[in-house]
Amino acid sequence: MDQARLANVSAHTGGVLAAEALDFRLLNDFQRGFPLLSQPWDVLAEGLGSTAGEVVARLRALHDAGKISRVGPVFAPNRIGASTLAAMAVPEAELPRVAMQVSAFPGVNHNYRREHRFNLWFVASAPDEAALARLLEHVGAATGCPAIALPLVEEYHIDLGFDLHSGRRTRHAVSPVQRQALTRSEWQLIDLLHDGLPWVARPFQAVGDAAGLGEGRVLATLSRWLTDGTLRRFGVVVRHRELGWRANAMCVWQVPDDQVSAFGHALAAEDGVSLCYRRRTTPDWPYNLFCMIHGQGREAVEARRATLAARVGLAAFPAAVLFSTDCYKQCGARYQAPLEQAA
C-alpha cells in the first residue's frame with residue numbers, strides 16, 4: 001500500500017479500507033510512546049477499537065512486507081557504545097562487491113549508495129572508540145577501499161518518529177548524556193531487543209526471562225533509559241522508503257566552526273528537516289553541517305532544500321546534496337558488550 005493511499009484512508013469499517021486504516025494508525029501513532037506494560041498489544045488494541053490478536057497480526061504483516069523493521073528501541077548515538085558515519089569513494093564497477101562486503105559486517109547497520117564521489121555511506125557501531133577504529137580498518141582491508149570516519153560532534157535534531165502525513169519528524173531539544181555503564185544482563189537485554197519485541201502476548205516477560213532480568217526489571221530499565229536519554233524512543237520503527245517517501249537527500253554545508261552551532265539549531269527548527277547534526281571534517285570532506293530531507297519525489301526535496309538554505313542563511317556557504325539511490329542494508333545498530341563483560 002503506497003503512502004498517498006495510506007494518508008487518505010477513511011474511517012470505514014470492515015474490508016480492505018478498515019485494515020488500511022488500522023495499519024496507518026499502527027505505523028504513524030506508535031513510533032514513540034509505546035506502552036511499556038505487561039500486555040502492550042492489549043493496550044494498543046483498546047485505543048484502536050481492535051483486538052490484541054489483530055494488532056499483532058497487522059504488525060507482523062507490516063514487518064514481513066518490509067514496511068517496519070521492528071517494534072523496539074532506538075538508542076541515542078554514543079550512549080552505550082561508539083558509532084560513526086563513514087564514507088568510501090568506490091569505483092563504480094566495484095560498488096556491488098564492496099557494498100555487499102561492507103553490509104556483511106555485523107557492526108554496520110545502515111549502508112547506502114549516494115550520488116557523489118564518495119558514493120558509499122554506512123553507519124558503524126562498536127563497544128568503544130578503539131573497537132570502532134579496528135572495525136573500520138577491517139572494513140577497509142576487506143574491501144580494498146579505505147573509509148573516512150565522520151563521527152558526531154553535536155546533535156541538533158533527533159529521531160522521535162516520522163510523520164507519514166507530512167514527512168516531518170518530531171522536534172526535540174537535544175541534551176548531552178554521558179555514556180552508560182551497563183551490567184552484563186543489560187547488555188544481553190540490548191542484544192535480545194535488536195530485532196524488536198517477539199510477537200507474543202507478554203513480550204517483555206519473554207525478553208526478561210531470556211535476559212535473566214524478569215519482566216518488571218525489563219520494563220523499569222527501558223523506562224529509565226527513556227528518561228535519562230539512553231533511548232531516543234521505543235516503538236514502531238518504520239521504513240519510510242517502503243511507505244512512499246522514496247526521495248531523500250543528505251544535505252551538507254561547510255560552515256565556520258564558530259557559527260555552525262547557531263546555524264544547526266536554526267536549521268533543526270525548520271519543517272522538513274528529518275535529522276540535523278554537526279560532524280567532524282577530514283581533509284577529503286570539508287562539510288561539517290548535515291541534515292536529511294525526505295520527500296515523495298526528487299523535485300520536492302530539491303525545492304525544500306533551496307528554501308531552507310535561503311531561510312536559514314546557508315546559501316552563501318559551500319554545499320553539496322547527496323541523494324540516496326540504493327539501500328544495501330538498513331537495521332538497528334547491533335551493540336555489543338565490551339569484551340570483559342561478554343566473557
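Refer to the structure above for everything that follows.
Residues numbered from 1 in each chain as written. Predicted model: local features only at pLDDT ≥ 70, side-chain atom pairs only at ≥ 80, totals over all residues. Heavy atoms only, no water.

Brief notes about the overall build of the protein chain
Tallying secondary structure elements over the protein chain gives 12 helices and 11 strands in all. The proportion of buried residues among the 343 residues of the protein chain is 52%. Taking as baseline every contact in the protein chain between residues at least 6 positions apart, the subset at least 24 positions apart corresponds to 74%. For the protein chain, the computed accessible surface area is about 14,900 Å², with 52% contributed by carbon and sulfur atoms. (Helix = DSSP H or I, 4+ residues; strand = E, 2+ residues; numbered from the N terminus. Buried < 20%, exposed > 50% of the residue type's maximum accessible area, 1.4 Å probe, protein only. Contact = heavy atoms within 4.5 Å. Areas by Shrake-Rupley, 256 points an atom, 1.4 Å probe, with all protein chains shown as cover.)

What about the sheet that holds strand S2 (residues 82-88)?
Read across the open sheet, the nine strands follow the order S5-S2-S4-S3-S11-S8-S10-S9-S6; overall the sheet is antiparallel. Both outer strands of the open sheet, strand S5 (148-150) and strand S6 (152-157), are each paired with one neighbouring strand and no more. Recorded for the sheet is a direction-independent mean angle of 30° between the axes of neighbouring strands. Note: strand S8 (residues 247-253) against strand S10 (residues 289-295), seven bridges, orientation antiparallel. Within the sheet, the bridge partner assigned to Ala249 lies in S10 and is Ile293. Relative to the sheet, helix H10 (residues 260-268) contacts S6, S8, strand S9 (275-279) and S10, its axis offset from that of S6 by approximately 35°. (Pairing = 2+ DSSP bridges. Axes fitted to C-alpha atoms, helices over the stretch in contact; angles between N-to-C directions.)

Considering helix H8 (residues 203-211)
Taken together, the buried positions of H8 are Pro203, Phe204, Val207, Gly208 and Ala211. In an axial view of H8, the angular spread of the buried residues amounts to 130°, which keeps them on one side of the axis. Here the buried face of H8 lies against helix H3 (40-48), helix H7 (184-192), helix H9 (215-228) and strand S7 (231-238). At the exit of H8 stands Gly212, carrying a positive phi of roughly 75°. (Arc of directions from axis to C-beta.)

Remarks on the nonpolar core
Here is a general trend for soluble globular proteins: nonpolar side chains tend to be buried in one another's company. Counting 39 residues, the largest nonpolar core has Trp41, Leu59, Phe204, Leu222 and Phe234 as the members making the most contacts within it. Contributions of two or more residues to this core are made by helix H2 (15-29), H3, helix H4 (52-64), strand S1 (68-75), H7, H8, H9 and S7. Considering every element that reaches this core, the biggest residue donor is H4, with five residues. Leaving out residues up to four positions away in the same chain, Leu222 has contacts with Leu36, Leu193, Phe204, Leu231 and Phe234. Trp253, Val255, Val273 and Leu289 belong to the second-largest nonpolar core, a separate cluster that totals 22 residues. (Core = buried A, V, L, I, M, F, W, Y, C linked by side-chain atoms within 4.5 Å.)

Some thoughts on the packing of helix H5 (residues 95-103) against helix H6 (residues 129-143)
Taken N-terminus to C-terminus, the directions of H5 and H6 make an angle of 145°; their axes are 10 Å apart at the nearest point. In the packing of H5 onto H6, the handedness of the crossing is right-handed. Along the contact surface, H5 presents Arg97, Val98, Gln101 and Val102, while H6 presents Val139, Ala142 and Thr143. Residue composition of the contact of H5 with H6, by class: four nonpolar, two polar and one charged. (Left-handed = near helix turned anticlockwise from the far one by under 90°. Nonpolar A, V, L, I, M, F, W, Y, C, P; charged D, E, K, R; others polar.)

Section: the pattern of salt bridges
Applying the stated criterion across every chain yields a total of 12 salt bridges. With a shortest N-O distance of 2.9 Å, Arg224 and Glu186 are connected by a salt bridge. Residue Arg224 is located in helix H9, and its partner Glu186 is located in helix H7; the two are separated by 38 residues in the primary sequence. Among the residues examined, Glu186 registers a relative accessible area of 8% and is labelled buried. (Salt bridge = Lys/Arg side-chain N within 4 Å of Asp/Glu carboxyl O.)

Topic: empty space enclosed by the protein
Tallied over the entire structure, the rule returns one cavity of 30 Å³ or more. Of the pockets and cavities examined, the largest cavity occupies roughly 1,100 Å³. Taken together, 50 residues make up the lining of the largest cavity; nearest its centre are Asn109, His110, Val123, Arg232 and Leu275. (1 Å grid on protein atoms, 1.4 Å probe; cavity = no way out; pocket = protein on both sides within 12 Å on 5 of 7 lines; lining within 4 Å. Points joined across faces, edges and corners; volume = space filled by probe spheres on them.)

Description of the side chain of Asn119
One can find Asn119 in the loop between strand S3 (108-114) and strand S4 (120-126). Accessibility expressed as a relative area gives 2% for Asn119, which makes it buried. At a separation of 3.1 Å, a polar atom in the side chain of Asn119 contacts the side chain of Glu92. Residue contacts for Asn119: discarding those within four places in its chain leaves Met88, Ala89, Val90, Glu92, Leu95, Tyr112, Arg113 and Arg114. (Polar contact = N/O pair within 3.5 Å; in protein donor to acceptor, adjacent residues only side chain to side chain.)

With respect to the pairing of S8
Most of S8 is tucked away: seven of the seven residues are buried. Where burial is concerned, the two faces of S8 agree: the one with Ala247, Ala249, Cys251 and Trp253 and the one with Asn248, Met250 and Val252 are both buried. By the bridge criterion, five bridges tie S8 to strand S11 (residues 319-330) in an arrangement that is antiparallel. Across the sheet, Trp253 pairs through a bridge with Ala319, a residue of S11.

Things to note about H6
Taking 1.5 Å of rise per residue, the 15 residues of H6 would be expected to cover 21 Å, and the 21 Å separating its terminal C-alpha atoms lies within 8% of that figure. Of all the residues in H6, the buried ones are Ala131, Leu132, Leu135, Leu136, Val139, Gly140 and Thr143. The secondary structure elements touched by the buried residues of H6 are S2, H5, S4 and S5. For H6, the side-chain oxygen to backbone nitrogen distance between the N-cap and Ala130 is 3.3 Å, and the N-cap itself is Asp128. One or two positions beyond H6, positive phi appears at Gly144, with a value near 80°. (Expected span 1.5 Å × (residues − 1).)

In short, geometric facts, not functional conclusions.
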